[in-house]
Amino acid sequence: MNVPLLDLVAQYRAIRDEVLPALQAVIESQQFVMGPPVVQLEAAVASLCRAPHAIACASGTDALLLALKALRLEPGDEVITTPFTFFATAGAIHNAGGTPVFVDVEPDTFNIDPAAVAAALTPRTRAIVPVHLYGQMAALERLLPLARARDVKIIEDAAQAIGARRKIDGQWRMAGELGWVTGFSFFPSKNLGAWGDGGMMVTADAAVAERLRKLRLHGGAKQYHHDEVGTNSRLDTVQAAVLLAKLPHLVSWSGRRREIAAYYTERLADLPTLQPPVVDPCNEPIFHQYTVRVERRDALQAYLKSKAIGTAIYYPVPLHLQHCFSHLGYQPGQLPQSERAATEVLSLPVYPELTRDQLDYVIDAIRGFYR
Ligand SMILES: *Cc1c(COP(=O)(O)O)cnc(C)c1O
């Protein structure tokens, strides 16, 4: 048997007849940039996230970059984030002119530790960028009061968390509902993936929504009139059409991912060498990844590879120890939870099209390795 980490061809086969006609309609219209499906997708994502405004852009990286640019950071301005994330989170902070300030993660959820955020706030802090890692929301209810007290903005990196929600004060809140601006990614491997790059920003702030619309079009709402210097970061109409065709499946795909996760956890929970993902009881995650903490991680990964089972390490080098950030002066040992996680995590296949046979094969292989 062969179990790849992700099988987008299986997804394509299941939805081909819905996506191809939508794509053909775009081609017939020849409106490849900012055509009507882009506006429809913005409305659909805004409604999903219960956010009043959604602004499509070219990638998840750009969604974060434009949100951070909207802050008009000055040299020396600090943005607090987690080092245990995809590079884009911190790269966007740097490219927007800010200084990333890395704080450690909670050992159970791998999400940013609000107590560490509180300790890292300074008069130069302009924003906090929590990442909803692996599709599970960070503890926003503990970050929001910190931000409010200091007039600091929260920019949610929800690239891995479209449709995730968290119960706060007895109410379900969607990823993207509470942050100042939230960035989503439609990279093909994300839970809602385009057939190329794509991204979305959502916000409840009408003024920043208007600025983000300008920033993605060279800083001008009116053609050839530029209020500030923006960039070209639009979503292709073909990508919007693909995403609109896929969007009605998202709820059932996320449900299937949760079922698969529950099955893994039930069948692996007795292994003393393996810690299944810890779901905060306040959270309904979407399992962008099913990531376990294991002993002898690299040997397990090699063993699973020999059995044709795909796995991945998200992420092997925490960002505070990346060469490009060496000027920030972080030392090994400074953010121990992130560094330990980087040596212990392993993500297993969790896409909705996995069969029961494939799941059992993965589970048996893991159990066999530790026997
Ligand atoms: C994928 C991802 C991004 C970047 O999204 P792109 O669309 O690939 O630019 C940013 N942050 C996190 C946490 C991601 O997983």
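This structure is a prediction, so every number in the text was calculated from the model and none was measured.

**Student:** Before we move on, can you summarise the overall build of the chain with the specific residues and values?
**Tutor:** The helix and strand inventory of the chain stands at 12 helices and 13 strands. In terms of C-alpha radius of gyration, the chain reaches 21 Å, essentially the compact-globule figure of 21 Å for 371 residues. Each principal axis of the C-alpha distribution contributes one length, and for the chain these read about 65 × 55 × 40 Å. For the chain, buried positions account for 56% of its 371 residues. A total of about 15600 Å² of accessible surface is found on the chain, and carbon and sulfur atoms cover 53% of it. Averaging the locations of the 36 positively and 38 negatively charged side chains of the chain gives two centres separated by 1 Å.

**Student:** Kindly report on the site of the ligand, identifying the contributing residues and their values.
**Tutor:** In the vicinity of the ligand lie 15 residues, with Gly60, Thr61, Asp157, Ser185 and Lys190 positioned nearest. Thr61 places a side-chain nitrogen or oxygen 2.5 Å from an oxygen atom of the ligand. Contact distances for the ligand include 2.6 Å between an oxygen atom and a side-chain N or O atom of Ser185. Its atoms largely coinciding with the cavity grid, the ligand occupies the largest pocket. For the shell around the ligand, the elements supplying multiple residues, two or more each, are helix H3 (60–69) and helix H4 (88–95).

**Student:** Would you mind going over the side chain of Asp62 in detail, with residue names and values included?
**Tutor:** With respect to the helices, strands and loops of the structure, Asp62 is situated in helix H3. Residue contacts for Asp62: discarding those within four places in its chain leaves Cys57 and Ser233.

**Student:** Could you give an account of the sheet that holds strand E10 (residues 274–275), with specific residues and numbers?
**Tutor:** Paired through backbone hydrogen bonds, the strands of a sheet run either parallel or antiparallel to each other. Ordered by their spatial adjacency, three strands build an open sheet running E10-E12-E13, and the pairing between neighbours is antiparallel. At either margin of the open sheet sits one strand with a lone partner, and together these are E10 and strand E13 (345–348). Against the sheet, helix H11 (residues 336–344) makes contact with strand E12 (290–294) and E13, and its axis sits at roughly 95° relative to E12, the strand it touches most.

About the criteria used
- Residues numbered from 1 in each chain as written.
- Predicted model: local features only at pLDDT ≥ 70, side-chain atom pairs only at ≥ 80, totals over all residues.
- Heavy atoms only, no water.
- Helix = DSSP H or I, 4+ residues; strand = E, 2+ residues; numbered from the N terminus.
- Rg over C-alpha atoms; globule rule 2.2 N^0.38 Å.
- Buried < 20%, exposed > 50% of the residue type's maximum accessible area, 1.4 Å probe, protein only.
- Areas by Shrake-Rupley, 256 points an atom, 1.4 Å probe, with all protein chains shown as cover.
- Lys, Arg positive; Asp, Glu negative; His and termini not counted.
- Charge placed at Lys NZ, Arg CZ, Asp CG, Glu CD.
- Near = heavy atom within 4 Å.
- Polar contact = N/O pair within 3.5 Å; in protein donor to acceptor, adjacent residues only side chain to side chain.
- 1 Å grid on protein atoms, 1.4 Å probe; cavity = no way out; pocket = protein on both sides within 12 Å on 5 of 7 lines; lining within 4 Å.
- Sits in = over half its atoms within 2 Å of the grid points.
- Contact = heavy atoms within 4.5 Å.
- Pairing = 2+ DSSP bridges.
- Axes fitted to C-alpha atoms, helices over the stretch in contact; angles between N-to-C directions.

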